[in-house]
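Overview (structure and organization)
Here are the chains, one letter per residue:
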Amino acid sequence: MADGELGRIGLKRSNLFREQCYIDGKWVGEPEIEVRNPATRGVIGRIPNLGRAETLRAVAAAEAALPEWRALPAKARADVLRRWNDLMLKHQEDLARLMTAEQGKPLAEARGEIAYAGAFFEWFGEEARRAYGDIIPGPAADRRIMVMKQPVGVVGAITPWNFPAAMITRKVGPAIAAGCTVVLKPSELTPYSALALALLGEEAGLLAGVLNIVTGDAEPIGQVLTEDPRIAKFTFTGSTPVGKKLAAQCASTVKRVSLELGGNAPFLVFDDADIEVAAAGAIVSKFRNTGQTCVCANRFFVQDGVYEAFAKLLAEKASELVVGDGLAGVTQQGPLINVKALQKVEAHVADALGHGAKVLTGAQRDSQGGTFYQPTVLRDVAPDGLLAREETFGPVAALVRFRTEEDAIRMANDSRAGLAAYAYTRDLSRSWRVAEGLQYGMVGMNTGLISSETLPFGGVKESGIGREGSKYGIEEFLEIKSIVVQL
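What you see is a predicted model; the values in this text were computed from it and never measured.

Looking at the overall build of the protein chain
Helices and strands together make up the secondary structure of the protein chain, namely 16 helices and 20 strands. Taken against the 2.2 N^0.38 rule, which gives 23 Å for 487 residues, the C-alpha radius of gyration of the protein chain at 23 Å falls within 12% of a compact globule. Projecting the C-alpha coordinates of the protein chain onto the three principal axes gives extents of approximately 70 × 65 × 40 Å. Looking at the protein chain as a whole, 57% of its 487 residues are labelled buried. For the protein chain, the proportion of contacts with a sequence separation of at least 24, taken over those separated by at least 6, is 73%. Accessible area for the protein chain stands at about 18,600 Å²; split by element, carbon and sulfur atoms hold 53% of it. Counting 55 positive and 58 negative side-chain charges, the protein chain places the centres of these two groups 3 Å from one another.

Some details on unusual backbone geometry
What is expected of a backbone is that most residues other than glycine have negative phi and most peptide bonds are trans. One non-glycine residue, Asp-24, lies in the positive phi region at around 55°. Relative to the assigned elements, Asp-24 resides in the loop between strand S1 (21-23) and strand S2 (26-28). Residue Asp-24 is classed as partly exposed on the basis of its relative accessible area of 32%. The phi dihedral of Ser-470 falls on the positive side, at around 65°, and the residue is not glycine.

Re the side chain of Asn-212
Along the chain, Asn-212 falls in strand S9 (residues 211-213). When its relative accessible area of 0% is taken as the criterion, Asn-212 is described as buried. There is a polar contact of 2.8 Å between the side chain of Asn-212 and the backbone nitrogen of Asp-24. Beyond its immediate sequence surroundings of up to four residues, Asn-212 is in contact with Tyr-22, Ile-23, Asp-24, Ala-58, Ala-61, Ala-62, Val-182, Val-183 and Leu-184.

Digging into the pairing of strand S13 (residues 297-303)
Counting buried residues along S13, seven of its seven residues qualify, which places the element largely inside the surrounding structure. The sheet contact formed by strand S12 (residues 265-269) and S13 spans five bridges and is parallel. Within S13, the position partnered with Pro-266 by the bridge is Arg-299. Read as a crossover between parallel neighbours, the route from S12 over helix H10 (residues 275-287) to S13 is right-handed.

Brief notes about H10
With 13 residues, H10 extends 17 Å from end C-alpha to end C-alpha; this agrees with the ideal 18 Å at 1.5 Å per step. For H10, the complete set of buried residues consists of Ala-278, Ala-279, Gly-281, Ala-282, Ile-283, Ser-285, Lys-286 and Phe-287. Just downstream of H10, Asn-289 is the residue with a positive phi angle, here 55°.

Remarks on the sheet that holds strand S17 (residues 420-424)
Taking strand neighbours across the sheet as the criterion, the seven strands line up as S14-S15-S16-S13-S12-S17-S18 in an open arrangement whose pairing is mixed. Only two strands of the sheet have a single neighbouring strand rather than two, namely strand S14 (358-361) and strand S18 (442-445). Ignoring which end each strand starts from, the neighbouring axes of this sheet average 25° apart.

Here's the deal with the packing of helix H14 (residues 405-413) against helix H15 (residues 428-437)
One way to put it is that H14 packs onto H15 with a least axis distance of 10 Å and a crossing angle of 25°. Comparing their axes, H15 and H14 come out roughly parallel. Considering only the axes of H14 and H15, their crossing is right-handed. Every residue of H15 that contacts H14 at Glu-405, Ile-409 and Asn-413 is listed here: Arg-430, Arg-433, Val-434 and Gly-437.

Some thoughts on helix H7 (residues 192-204)
End to end, H7 covers 18 Å across 13 residues, agreeing with the expected 18 Å (1.5 Å per residue, within 8%). The buried fraction of H7 amounts to eleven of the 13 residues, a majority that puts the element mostly inside the structure. For H7, the set of buried residues is Tyr-192, Ser-193, Ala-194, Leu-195, Ala-196, Leu-197, Ala-198, Leu-199, Leu-200, Gly-201 and Ala-204. Positioned one or two residues after H7, Gly-205 has a phi angle of 115°, which is positive.

Quick look at the packing of aromatic side chains
Inspection of the entire model under this criterion finds ten aromatic pairs. Judged by centre distance (5.4 Å) and plane angle (75°), the rings of Phe-270 and Phe-402 are edge-to-face. Of this pair, Phe-270 sits in the loop between S12 and H10 while Phe-402 is found in strand S16 (residues 396-402), placing the two residues 132 residues apart along the sequence. Residue Phe-402 is classed as buried on the basis of its relative accessible area of 2%. Through pairs of rings, three or more aromatic residues link up here, namely Phe-267, Phe-300, Tyr-422 and Tyr-424. Here Arg-401 stacks its cationic end above the ring of Tyr-307, 4.0 Å away from the centre of that ring.

Digging into the side chain of Glu-127
Considering the arrangement of structural elements, one finds Glu-127 in helix H5 (residues 107-127). Among all residues touching Glu-127, those that are not within four sequence positions of it are Lys-471 and Ile-474.

Brief notes about the environment of Gly-25
Here Gly-25 is to be found in the loop between S1 and S2. Of the residues examined, Gly-25 reaches a relative accessible area of 23% and is grouped as partly exposed. For Gly-25 and Ala-157, which are 132 residues apart along the polypeptide, the C-alpha to C-alpha distance reads 18 Å.

Looking at the pattern of salt bridges
Under the defined criterion, the tally for this structure stands at 33 salt bridges. Ionic pairing is found between Glu-260 and Arg-170, a salt bridge with its closest N-O pair at 3.2 Å. Placement of the pair is Glu-260 in strand S11 (residues 256-260) and Arg-170 in helix H6 (residues 166-178), with a sequence separation of 90 residues. Using a relative accessible area of 2% as the deciding quantity, one classes Glu-260 as buried. Since its relative accessible area comes to 2%, Arg-170 is described here as buried. Here the residues in one salt-bridge network are Asp-304, Glu-308, Lys-358, Arg-379, Asp-380 and Arg-401, joined through shared partners.

Conventions used here
Residues numbered from 1 in each chain as written. Predicted model: local features only at pLDDT ≥ 70, side-chain atom pairs only at ≥ 80, totals over all residues. Heavy atoms only, no water. Helix = DSSP H or I, 4+ residues; strand = E, 2+ residues; numbered from the N terminus. Rg over C-alpha atoms; globule rule 2.2 N^0.38 Å. Buried < 20%, exposed > 50% of the residue type's maximum accessible area, 1.4 Å probe, protein only. Contact = heavy atoms within 4.5 Å. Areas by Shrake-Rupley, 256 points an atom, 1.4 Å probe, with all protein chains shown as cover. Lys, Arg positive; Asp, Glu negative; His and termini not counted. Charge placed at Lys NZ, Arg CZ, Asp CG, Glu CD. Polar contact = N/O pair within 3.5 Å; in protein donor to acceptor, adjacent residues only side chain to side chain. Pairing = 2+ DSSP bridges. Right-handed = clockwise from strand over helix to strand, strands pointing away. Expected span 1.5 Å × (residues − 1). Axes fitted to C-alpha atoms, helices over the stretch in contact; angles between N-to-C directions. Parallel < 35°, antiparallel > 145°, perpendicular 65-115°, else oblique. Left-handed = near helix turned anticlockwise from the far one by under 90°. Phe/Tyr/Trp six-rings, centres within 6.5 Å; stacked < 30°, edge-to-face > 60°. Lys NZ or Arg CZ within 6 Å of the ring centre and 35° of its normal. Salt bridge = Lys/Arg side-chain N within 4 Å of Asp/Glu carboxyl O.

Encoded structure:
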């Protein structure tokens, strides 16, 4: 690690910072690829640039570890996951500071993510003991049908940079709880959270080969994880175009696939809403992690009667958000992850302004430079512009006016994305109509914060396949076996 960045992170336990990959219980690979702090652009450290050969070695290790791991009683696997969560909470501050350094999110948000991430280990450890089967009455008096659930096998996983701990535990937790083994590729932009988790997993009692982490060139690694027949299940969180490509690669071996892909979340505010509550929810939903979340509100549909008041209130709240480096003081908005992300935000804003939108606050780079962008609220946004048609993944709230409930639902559903949606109303009947009418996998009704380890997280349409978290999440890593018994 570069001395300057090491000093700024201030880890109490320095060995949580790892610059090698983790395969078969060993730390391997030579650090080559630079990892930069998005707030300072300083080099944090380097990670190995592994490829096909090393990934195949990781798959072999996972395959070799599978028989012993799956044979352990569910309670034994649960005990490992519980200890892993305990270690995460014990080192919460170090893990949070490491995350803020590599990802850029405010330190308070990073602390919250560590607690949220650890909760998946705790939750799925408990669910491991509840993977119940059935006894089904047979078609004849001397027949019985027994249904049991078994681990699917070796799991390949690819996770993104925006939640570098939680997106891992939400996949690894249920996989390991079910009795599977895992080969994981974290984002090369935020690898250090993943590697720190591997170290803590080892200390919690993971057997060698149960969790393997590889970093490097996405294409050869992804090809192995999607096409190797030893991988029984593939799970991916990321963009829709990449998800489609990876799913197509999985077809060659007919793998089980889970995809958590892009969103374009609508945020509906009706005339009867409490606009103070709605504006507070909008801040949480839109500006958390600088708008770099797949469930963050992207399109704000506001009814005529409260449009002016809501627009004014949201702009006021957004303008008060503190922008800055999360390791340099208390902040509420960090930098965008890289220049490409900044350019996309600027292109969306320019397109909106070119089609008649007006700036209420922000709409420019922050004075701190780099990839910092001011929290932005635009009004009178065209419903067919880039801001409405594409996922911005940045701190820009685009306000669109609507007249009727039917108009709002129609515009909200006019998207190939179907991950999350939000609506604010004090009318009980409307809340049911809207929640049922929105074509999304998750709906926040009068709340802007929906994520929890107890929630089935996932979308419909082109936002993905399968669910993560909740009692349903472990099912993604279990096969159902039917056994017919002749008495």
